[in-house]
Amino acid sequence: MIKLEIFKEEDFSRLINWVDSEELMYIFSAERFRYPLTHEQLTNYINTKDRIAYKVINKSTNEIIGHADFSKINKLSKNARICSVLIGEKEYRNKGYGTQIINELVNIGFNKLDLHRIDLGVYDFNKPAIKCYEKCGFKIEGLFRENLKFENEYWSTYNMSILNKNK
């Protein structure tokens, strides 16, 4: 089991250490940050008004194991985007924590932020993440073909969303 708590300046160094390659930076954040990640970039990131960033904590060990955020929070239209999901501690990857993180974000989004729609983007080659999002109820809406260039190749991104039918 996990819990999400607000990501603060004291958490910056951990996230910087986790994002240890430019490729991981792009997978984690697309073009939001520049490699290497810095305290200055993260300060700007947490001070963005339409964003809530979280650290992910393993409840049984109280260890911080990951990161995630809501971006583009639109209170008028009641929607937001899940971004920057990362299981930073490698021993926790592929063990179901991603599903727990997404389910908790959906719970927060629908029940605390009163959202109607939550969406996210995922690279088409990231099959484990796509499977996780579908397991959590997200549906593929479309494919942005070759919308990001990393080194000498183009990556395509699926847009996925989930709706709160109660709102």
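Look up a bit, the structure's there.
What counts and what doesn't
Residues numbered from 1 in each chain as written. Predicted model: local features only at pLDDT ≥ 70, side-chain atom pairs only at ≥ 80, totals over all residues. Heavy atoms only, no water. Helix = DSSP H or I, 4+ residues; strand = E, 2+ residues; numbered from the N terminus. Rg over C-alpha atoms; globule rule 2.2 N^0.38 Å. Buried < 20%, exposed > 50% of the residue type's maximum accessible area, 1.4 Å probe, protein only. Contact = heavy atoms within 4.5 Å. Areas by Shrake-Rupley, 256 points an atom, 1.4 Å probe, with all protein chains shown as cover. Patch = residues over 30% accessible without salt bridge, like charges linked within 9 Å, V, L, I, M, F, W, Y side chains within 5 Å. Salt bridge = Lys/Arg side-chain N within 4 Å of Asp/Glu carboxyl O. Lys, Arg positive; Asp, Glu negative; His and termini not counted. Charge placed at Lys NZ, Arg CZ, Asp CG, Glu CD. Phe/Tyr/Trp six-rings, centres within 6.5 Å; stacked < 30°, edge-to-face > 60°. Arc of directions from axis to C-beta.

Trainee: An account of the overall build of the protein chain is requested, with residue identities and associated values reported.
Mentor: Along its length, the protein chain carries five helices and seven strands. Listed by position from the N terminus, the elements making up the protein chain come as β-α-α-α-β-β-β-α-β-α-β-β. Against the compact-globule benchmark of 15 Å for 167 residues, the protein chain has a radius of gyration of 15 Å, which places it among compact chains. Burial statistics for the protein chain: of 167 residues in total, 44% are counted as buried. Expressed as a percentage of contacts within the protein chain between residues at least 6 apart in sequence, the contacts between residues at least 24 apart total 57%. With an accessible surface of roughly 9400 Å², the protein chain has 46% of that area assigned to carbon and sulfur atoms.

Trainee: An account of a negative patch on the surface is requested, with residue identities and associated values reported.
Mentor: Taken together, Glu22, Glu23, Glu151 and Glu153 make up a surface patch of like negative charges. Inspection of the secondary structure assignment puts Glu22 in helix α2 (residues 22-29).

Trainee: Hey, could you go over the packing of aromatic side chains for me, with residue numbers and the actual values?
Mentor: Centre-to-centre distance and the angle between the planes together describe a pair of aromatic rings. Scanning the entire structure with this criterion turns up 13 aromatic pairs. Consider the rings of Phe7 and Tyr45, whose centres lie 6.3 Å apart with planes at 70°: the pair is edge-to-face. Taken together, the residues span a long stretch of sequence, with Phe7 in the loop between β1 (2-6) and α1 (12-18) and Tyr45 in helix α3 (residues 39-46) at a distance of 38 residues. Taking relative accessible area as the criterion, Tyr45 reaches 2% and is therefore assigned buried. Taking the centre distance of 5.2 Å and the plane angle of 85° together, the rings of Tyr92 and Tyr97 count as edge-to-face. In this structure an aromatic cluster arises from ring pairing among Phe7, Phe12, Phe28, Phe33 and Tyr45.

Trainee: Tell me about α3, residues and numbers included.
Mentor: Each full turn of the α-helix corresponds to 3.6 residues, which orients residues three or four apart in the same direction. Among all positions in α3, only Gln41, Leu42 and Tyr45 are buried. Angular distribution of buried residues about the axis of α3 spans 95°; they occupy a single face of the element. In this fold, the buried residues of α3 make contact with α1, β2 (52-58), β3 (63-74) and β4 (79-87).

Trainee: Describe the pattern of salt bridges, listing the residues and the values that go with them.
Mentor: Scanning the entire structure with this criterion turns up nine salt bridges. Between Lys55 and Asp11 there is a salt bridge whose closest N-O contact spans 3.3 Å. With Lys55 in strand β2 and Asp11 in the loop between β1 and α1, this residue pair connects regions lying 44 residues apart in the sequence. Here the two residues Lys55 and Asp11 agree in accessibility, since each one is buried. Ionic pairing is found between Asp69 and Arg32, a salt bridge with its closest N-O pair at 2.7 Å. Of this pair, Asp69 sits in strand β3 while Arg32 sits in the loop between α2 and α3, placing them 37 residues apart in sequence.

Trainee: Give me the lowdown on the environment of Ile102, citing residues and values where you can.
Mentor: Relative to the elements of secondary structure, Ile102 occurs in helix α4 (residues 97-112). Here Ile102 falls in the buried class, since its relative accessible area comes to 0%. Residues Ile102 and Gly137, 35 residues apart in the sequence, show an inter-C-alpha distance of 9.8 Å. What Ile102 contacts, discounting residues up to four positions off in sequence, is Ile82, Val85, Cys132, Tyr133, Cys136 and Phe138.

Trainee: With reference to specific residues and values, describe α2.
Mentor: Those residues of α2 lying buried are Leu24, Met25, Tyr26, Phe28 and Ser29. On the buried face of α2, the contacting elements are α1, β3, β4, β5 (117-123), β6 (139-150) and β7 (153-163). Just downstream of α2 lies Ala30, where phi reads positive at about 55°.

Without other data, these values stay purely geometric and don't point to any function.
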